[in-house]
Structures are given as C-alpha cells and as structure tokens.
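One-letter residues, chain by chain:
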Amino acid sequence: MLILLPPSEGKTPAPKGPVIEWESLSFPELNPYRAKVLEALGTVSAHEDALSLLGVGASLRGDIERNTRLHTEPAAPAHQVYSGVLYDALGYNSMTPAQRRKATESILVVSALWGAIGFGDHVPAYRLSMGTALPDVGRLASYWKPQLNAALASRAEGELLVDCRSSTYAAAWAPPAAQTVNVNVFNEANGKRTVVSHFAKHTRGELARHLLTRRGKAPATPDQLLKAAGEAWTAELVEGTARKPHALNIILSS
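Conventions and cut-offs
Residues numbered from 1 in each chain as written. Predicted model: local features only at pLDDT ≥ 70, side-chain atom pairs only at ≥ 80, totals over all residues. Heavy atoms only, no water. Axes fitted to C-alpha atoms, helices over the stretch in contact; angles between N-to-C directions. Helix = DSSP H or I, 4+ residues; strand = E, 2+ residues; numbered from the N terminus. Left-handed = near helix turned anticlockwise from the far one by under 90°. Contact = heavy atoms within 4.5 Å. Nonpolar A, V, L, I, M, F, W, Y, C, P; charged D, E, K, R; others polar. Phe/Tyr/Trp six-rings, centres within 6.5 Å; stacked < 30°, edge-to-face > 60°. Lys NZ or Arg CZ within 6 Å of the ring centre and 35° of its normal. Core = buried A, V, L, I, M, F, W, Y, C linked by side-chain atoms within 4.5 Å. Buried < 20%, exposed > 50% of the residue type's maximum accessible area, 1.4 Å probe, protein only. Salt bridge = Lys/Arg side-chain N within 4 Å of Asp/Glu carboxyl O.

## Topic: the packing of helix α6 (residues 97-106) against helix α9 (residues 198-213)
The contact between α6 and α9 brings their axes to 9 Å, and the two run at 115 degrees. Here α6 and α9 pass one another in a crossing that is right-handed. Two secondary-structure elements touch here, α6 through Q99, K102, A103 and S106 and α9 through L211, L212 and T213. Taken together, the residues of the contact of α6 with α9 sort by class into 3 nonpolar, 3 polar and 1 charged.

## Observations concerning the packing of aromatic side chains
Tallying each qualifying case throughout the model produces 8 aromatic pairs. Between Y33 and Y143, the ring centres sit 6.4 Å apart and the planes meet at 65 degrees, which makes this aromatic pair edge-to-face. With a gap of 110 residues between them, Y33 in helix α1 (residues 31-45) and Y143 in helix α7 (residues 140-156) connect regions that are remote in the sequence. Of the aromatic side chains, those joined through ring pairs into one cluster are W22, Y82, Y87, Y92, W114, F119 and Y126. A cation over a ring is seen here: K11 above Y126, with NZ or CZ 4.3 Å from the ring centre.

## Regarding the nonpolar core
Core analysis: the largest hydrophobic core is formed by 83 residues, its most contacted members being I3, W114, L128, L134 and V162. Per element, the largest residue contribution to this core is 8 residues, and it comes from α7. Sequence-distant contacts of L134, defined by excluding residues within four places in its chain, comprise V37, A40, L41, V44, L54, L128 and L140.

## Things to note about the pattern of salt bridges
Applying the stated rule across the entire model yields 9 salt bridges. Measuring nitrogen to oxygen at the nearest pair gives 3.8 Å for the salt bridge that ties R66 to E73. Both residues of the pair, R66 and E73, count as buried. Several salt bridges share partner residues, and in doing so they unite D63, R66, R69, E73 and R127 into one network.

Below, the structure is given as structure tokens:
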C-alpha cells in the first residue's frame, strides 16, 4: 500500500541542522528537474512583485524570502516540515516506532518543488503551490507529469495506491487507474449529501493514520480498503473503469 499525500501549504522550518543533501532524496533521477524549479523559484521570490507572482499575501513575505536561500536553509524530515490540518490528523509524532517506520515506508508526498518525496526525506521549508507557473518551467503540474510518470512507475508497481491528494496535486501524476483509489469526503444531513472541502483534509489525515496504525495487514485491494475504512466510518466504494480510478467515499453525518 502507498498513501499519496499533498504537501501542506504552510510548513514548519527546521530551527537548525544540515542543508539538503540532494542524493539522499527519494527518486534522485528527479534532481535535475528539482534544481530547475528551485532556481526559478529563487528568481521569482527575489522579484519585487514576488508576492503577486506567487499568489500569496503580505503575511507570507518571510516565507517568500526564505525561498531565495533554500540551498542554505536547514532541512528536516518531511513529516516534520509539513504541518496543517491533514498532518495534524495523521499524528506522526504520537505513533509507535513501528507505526512510524510503516508511515515512512508507505507515504509519498507529491510536491510542487520536489516532484515527489518520501516521508522521511530531509527538505527545507518552502512556499510554492502546484497551481503556480514559473518562468522557464511553466505550470508546475504539467512540468512534473511526465517526470513523475517515469520516476514513480516502478515504485507503484503492485501496490494499492490510496490517493489523498487534492485535485491540484493529483494533476501532476495520474497513477494506474486499476490500482488507485481516490478518497472523497461527504457530509450527509437530512438525506442530502454535500462535498466536504476544508474538513476533508482532516478526514483524509485520519484515514491515513487509521491505515497505518490498525492491526493486521495493510489493504491490498480496493475492497480491502473499503473494509478497513468501514472500521471507523460509513464508507462506500465506487468501482473505477479502465481509465478512471476507484473512489472511496467517506460519509460524515451531521
């Protein structure tokens, strides 16, 4: 089982430590492409209109300034750098050592800057969204798609892929439909079902935690994933097609 996560928008900088070691990152064949994005991001972030170009507000000026010195910023494991609703619900720090090892082995983060990294890879905090277009790189989802198709194919082979990414990050890599299950979250009240947006992050984080901490073998098929999710939620499975992934719908009641 592989769990695909988006990065958090906000990130927690490492207070100290060594800088990034490129060859230690998962999928080192992506390093030339990572370097090109990093250079373009540094150039844009040093521009006087950087906030506008990167689509962020004045409160994030410090994050954008950090983008200009990522080569010298301290790096920390991805599970420490990424924070926010989904990662709080995942609760890596409260897992047992065995559960942490399982998380490190099972989680891939699809990133606008790094393409894809493992949960234990050391990276500096940065600010960049997959929906951004950078000079000489273009729209990042389009830039990364062919690179991730090539780099992740062997890692994904034979695995059930539990896709907890938002649509912005899902656009950067479409894994094989037959072995992929997209996770959707709905709220149901008075017989009416509505899509959950912000709180979906929390539920996806809870699902990832449940899959990593429950007893027994990890689910290896969509039906087994449905059974595992049903241990904690009302859930249903929508069968996919040759080109469309399966969908796990988690239903919250209010």
